[in-house]
Amino acid sequence: MSIEHCKMIQRVFVIISLLPLNQAALPLVISTWDFENASAVAWSKLQMGGSALDAVESGCTQCELEQCHGTVGFDGNPDELGDTTLDAMIMNGKTMEVGAVANLRGVKNAVGVARAVMEYTKHTFIVGESAKNFAEKMGFKSENLPTIKSKPIFSEWLEKNCQPNFRKNVIPDPSKSCGPYKRNDTSQEAKTSRRVARHLNENFDSTSHDTIGDSPIAGAGAYAENTVGGAVATGNGDIMMRFLPSFLAVDLMRKGIQPTVACETAITRIKKYYSDFFGALICANTTGGYGAACNKRPRFSQFSFRVANPQTNQSQLQKVDCF
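Scoring rules and cut-offs
- Numbering of residues starts from 1 in every chain and runs along the sequence as written.
- Per-residue local features of the predicted model are confined to residues with pLDDT of at least 70, and side-chain atom pairs are confined, for both listing and counting, to 80 or more; whole-chain, interface and lining totals are unaffected and use all residues.
- The basis for every side-chain value is the complete set of non-hydrogen atoms in the structure, without hydrogens or water.
- Only DSSP runs of H or I with at least four residues qualify as helices, and only runs of E with at least two residues qualify as strands; both kinds are numbered from the N terminus onward.
- In this analysis, two residues are considered to be in contact whenever any of their non-hydrogen atoms come within 4.5 Å of each other.
- Here, a disulfide means two cysteine sulfur atoms that sit within 2.5 Å of each other.
- Buried residues are those whose accessible area, probed at 1.4 Å on protein chains only, stays under 20% of the maximum for their type, while exposed residues exceed 50% and partly exposed ones sit between those limits.
- Criterion used throughout: strands pair if DSSP finds at least two bridges between them.
- What counts as an axis is a line fitted to C-alpha atoms, over the stretch in contact for a helix, and the angles between N-to-C directions run from 0 to 180 degrees.
- To qualify as a nonpolar core, a set must consist of buried Ala, Val, Leu, Ile, Met, Phe, Trp, Tyr and Cys residues joined through side-chain atoms within 4.5 Å.
- Relative orientations are named as follows: roughly parallel for angles under 35 degrees, roughly antiparallel for angles over 145 degrees, roughly perpendicular for angles from 65 to 115 degrees, and oblique for any other angle.
- Only Asp, Glu, Lys and Arg are considered charged, only Ala, Val, Leu, Ile, Met, Phe, Trp, Tyr, Cys and Pro nonpolar, and every remaining residue, Gly among them, polar.
- Put simply, two rings from Phe, Tyr or Trp (the six-membered ring, in Trp's case) pair if the centres are within 6.5 Å, and we call them stacked under 30 degrees between planes, edge-to-face over 60, tilted for the rest.
- Every residue is assigned a pLDDT by the predictor, reflecting its confidence on a scale from 0 to 100.
- Here a polar contact is recorded for every N or O atom pair within 3.5 Å, except that within protein the pair must consist of a potential hydrogen donor and a potential acceptor, and residues adjacent in sequence are included only if both atoms are side-chain atoms.

Caption draft 1: Local environment of the side chain of Arg306. When you line up the elements, Arg306 lands in strand β13 (residues 302-308). Setting aside residues up to four positions removed in sequence, Arg306 forms contacts with Val29, Ile30, Ser31, Trp33, Asp34, Phe35, Glu36, Ser39, Ser315, Gln316 and Leu317.

See the structure below:
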């Protein structure tokens, strides 16, 4: 079983399960959202004899190339400096090896770089300029990520006084200004926040400079273990990463919990603290069983995902009602 997790707002994730093939529901490809081509490419790679890791990488690379509804890969929402950066993670559930990159600039094939981290280094995670340098040394092409789509988004954001953003406890007022910001030491909430956490991960639609979401973090964005199953999260990574929902779901399946219930339990844990968060989870076990769950909120009452297995023999769209 292998998992891959690639960045942007509505990310694509693929779980490939290559376990005992005498079980009719295996192998299995399951991916978040209605990204038909990415799912189909992954399934085709398996049918041609490719490995699970090959299929995962191929499916996600397809989504990077297509930019999957504008939510994956280059030319996506820029950060507060106008740059587009990419995150990706790939995990081998048999060896428990993980390769991840974050805040990757100038290289489009983020999942390929993540796999290279896993296969050609003893590291798990490389970020920022180091990730770019590593990618270039491994032969990945250096390219410009922001293009004709992302540049107008950034300009419009600046014209709207950098709205929306998720700064808090700073001056000047972040709801009316682009800063530069300073800590508001007179705020009681700020004083409390500094006692509780030394660093705040601030994020907004155009992601904050140098922030990292859940995508490249094992256990948060995705997790897999060959003897149990795998899970992948999508949604507001800033919130979801605090609960490690993918690891929790896999751990529940380890105890015999069915995939759908495991997904629902992980979502419920987050809802307890953030009732209106945007997020969903897909889960799969070693028998080919799978499930999904999502948090119901305005304009998000159903979650779409795609499945391919020997029963469907192609990528099929499925939906689950949020709760």
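From this point on, the discussion continues.
Caption draft 2: Examining the state of the cysteines more closely. With the rule as written, the count across this model stands at 4 disulfides. Between the sulfur atoms of Cys63 and its disulfide partner Cys68 the distance amounts to 1.7 Å. Taking the torsion about the S-S bond as the criterion, the Cys63 to Cys68 disulfide, at about -125°, is left-handed. This pair shows no difference in class: Cys63 is buried, exactly as Cys68 is. The residue that forms a disulfide with Cys162 is Cys178, at a sulfur-sulfur distance of 1.9 Å. Because the torsion about its S-S bond is 105°, the bridge between Cys162 and Cys178 counts as right-handed. Highlighted residues: Cys162 in the loop between α5 (150-159) and β7 (170-171) and Cys178 in the loop between β7 and β8 (182-183), separated in sequence by 16 residues.

Caption draft 3: Structural context of the sheet that holds strand β9 (residues 222-225). Within the open sheet, the 4 strands sit side by side as β9-β10-β11-β12. Their pairing is antiparallel. Strand pairing shows two members of the sheet lacking a second neighbour, β9 and β12 (290-294), which therefore form its edges. Within the sheet, the average angular offset between the axes of one strand and its neighbour, ignoring direction, is 10°. Here helix α8 (residues 245-254) sits on the sheet in contact with β9, β10 (229-235) and β11 (279-285), set at roughly 150° to β10.

Caption draft 4: Local environment of the nonpolar core. Of all hydrophobic cores here, the largest spans 48 residues; its most connected members are Leu281, Phe303 and Phe305. Beyond its immediate sequence surroundings of up to four residues, Leu281 is in contact with Val232, Ala233, Pro245, Ser246, Ala249, Cys263, Ala266, Ile267, Gly291, Ala292, Ala293 and Phe303. Counting 22 residues, the second largest nonpolar core, distinct from the first, contains Val113, Ala114, Met118 and Leu145.

Caption draft 5: Fine view of the packing of helix α2 (residues 52-66) against helix α3 (residues 110-120). Remark: α2 packs on α3, axes separated minimally by 8 Å, with the N-to-C direction vectors making an angle of 150°. The angle between α2 and α3 places the two elements in the roughly antiparallel class. In contact with Leu53, Asp54, Glu57, Cys60, Thr61 and Glu64 of α2, α3 contributes Ala110, Val111, Gly112, Arg115, Met118 and Glu119. For the contact of α2 with α3, a count of residues per class yields 5 nonpolar, 2 polar and 5 charged.

Caption draft 6: Looking closely at unusual backbone geometry. With an omega dihedral of 0°, the bond running from Gln163 to Pro164 counts as a cis peptide bond. When you line up the elements, Pro164 lands in the loop between α5 and β7. Between Ile171 and Pro172 the backbone carries a cis peptide bond, its omega angle lying at 0°. Inspection of the secondary structure puts Pro172 in the loop between β7 and β8. Unusually for a residue other than glycine, Trp33 sits at a positive phi of about 65°.

Caption draft 7: Fine view of the packing of aromatic side chains. One pass over the structure, following the stated rule, counts 10 aromatic pairs. Following the ring pairs from residue to residue traces out a cluster consisting of Trp33, Phe278, Tyr290, Phe300, Phe303 and Phe305.

Caption draft 8: The arrangement of the confidence of the model for the protein in detail. Mean pLDDT for the protein: 85, with 83% of residues reaching 70 or above. Counted against residues more than four places away or in other chains, residues 190-206, with its pLDDT under 50, gives 34 contacts.

Caption draft 9: The arrangement of the side chain of Thr312 in detail. Relative to the helices and strands, Thr312 resides in the loop between β13 and β14 (316-321). You can call Thr312 buried: its relative accessible area is 16%. Of note is the side chain of Thr312, whose polar atom sits 2.8 Å from the backbone oxygen of Gln314.

Caption draft 10: Up close: the pairing of β9. Burial of β9 is two-sided: the residues Ala222 and Ala224 facing one way and the residues Tyr223 and Glu225 facing the other way are all buried. Pairing of β9 with β10 involves 4 bridges; the strand directions are antiparallel. Bridging from a neighbouring strand, Ala224 pairs with Gly230 of β10. As consecutive antiparallel partners, β9 and β10 are separated by 3 residues.

Caption draft 11: Structural view of the environment of Asn309. Topologically, Asn309 is positioned in the loop between β13 and β14. When residues no more than four places from it in sequence are discounted, the contact partners of Asn309 are Ala25, Pro27, Leu28, Trp43, Tyr290 and Gln314. Polar contacts involving the side chain of Asn309 include one to the main-chain amide nitrogen of Gln311, which spans 2.9 Å.

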